Amino acid sequence: MKIASINVNGIRDAVERGFLDWLAQQDVDVVCVQNIKAKSFELGDHILYPEGYEGYFLDAEEDGFAGVALYCRQIPKAIMYGLGFPQCDHEGRFLQADYDRFSIATFLMPDGDDMQAKQAFMNQYQEYLSKMARKRREYIICGTWNIAHKTIDLANWSDNQLTPGFRPEERAWMDQLFGPTGFIDTFREINRDAGEYTWWPKLDQEVSRERQEGWRIDYQVVGPNFRRHVVDAWIDYDATFSEHAPLIVEYDLTL
């Protein structure tokens, strides 16, 4: 099973830049999409239901803002829209597909322009994650967490210690997630190298992504029992329809 996670930063712009062409070339079972920045009723069927996939969307109430989606090859048993608290649900930040043995979610954390609002979100989300960790059901949570966890996860980290996305309190929250709460960063199970990024604040299309100063803020997160199922994980640097690059993880599981 392969799962891709991608922040499209506006799905209509991403489609114009080749998102659907990229999708058609991928052998992935579920695509977790963030930052739709459109109402689903405004989108054509070619975006809602790409060939071979069923699309599910959670729109933000505000126009041109946030929103998440799932493209699934196999129809889920159930879909869960939101997490039950307004900051998440009204802004379209969490959408979950339930299958027989596990659930797959697409997730978008606030970016931190309003750190007070982001902290409030993190506090409520932590409560939910702690409950998830105690359940027998397993979860794969994919998306833009908008936090670079370690110094190897962004360029020029020493100059960004007070920048939203790398503040001490945000990194401490990730320490809790990948420590006592018990979740696993799947990419770091496979790749421990520095210089692996998923987002470039000032993307220069003339320079290869590997040479640019980026951040790794997109994750696929699983519970400890799923550690053994992670086969491979990589970032698709050739996909250039967004300022984010797709993160793809292969699991030795079937839907």
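The structure this text deals with has already been given above.
The rules we used
- Residues numbered from 1 in each chain as written.
- Predicted model: local features only at pLDDT ≥ 70, side-chain atom pairs only at ≥ 80, totals over all residues.
- Heavy atoms only, no water.
- Pairing = 2+ DSSP bridges.
- Helix = DSSP H or I, 4+ residues; strand = E, 2+ residues; numbered from the N terminus.
- Axes fitted to C-alpha atoms, helices over the stretch in contact; angles between N-to-C directions.
- Contact = heavy atoms within 4.5 Å.
- Buried < 20%, exposed > 50% of the residue type's maximum accessible area, 1.4 Å probe, protein only.
- Lys, Arg positive; Asp, Glu negative; His and termini not counted.
- Salt bridge = Lys/Arg side-chain N within 4 Å of Asp/Glu carboxyl O.
- Polar contact = N/O pair within 3.5 Å; in protein donor to acceptor, adjacent residues only side chain to side chain.

*Asks:* Whenever I open this one, the sheet that holds strand S11 (residues 230-235) confuses me. Can you help?
*Replies:* Sheet strands pair via backbone hydrogen bonds, and the direction of the pair is either parallel or antiparallel. Within the open sheet, the six strands sit side by side as S3-S4-S2-S1-S12-S11. Their pairing is mixed. Every other strand in the sheet has two partners, leaving strand S3 (54-58) and S11 as the edge strands with one partner each. The mean inter-strand angle of the sheet, taken between neighbouring strand axes irrespective of direction, is 15°. Bridge analysis of S11 against strand S12 (residues 247-251) gives five bridges, and the strand direction is antiparallel.

*Asks:* Would you mind going over the sheet that holds strand S10 (residues 218-222) with me for this structure?
*Replies:* Pairing within the open sheet is mixed, and its six strands lie in the order S5-S6-S7-S8-S10-S9. Each end of this open sheet is capped by a strand with a single partner; those strands are strand S5 (78-81) and strand S9 (184-185). Two elements, S5 and strand S6 (residues 94-98), share four bridges in a ladder whose sense is antiparallel. Looking across to S6, one finds that tyrosine 81 is bridged to leucine 95. On the sheet, helix H5 (residues 115-134) packs against S5, S6, strand S7 (102-108) and strand S8 (138-144) and is oriented at approximately 155° with respect to S8.

*Asks:* Honestly, the side chain of aspartate 59 in this entry has me stumped. Any pointers?
*Replies:* Among the secondary structure elements, aspartate 59 is positioned in the loop between S3 and strand S4 (68-72). No salt bridge is formed by the buried aspartate 59, whose closest oppositely charged neighbour, lysine 39, lies at an N-O distance of 6.3 Å. Only 3.0 Å separates the side chain of aspartate 59 from the backbone nitrogen of serine 40, close enough to count as a polar contact.

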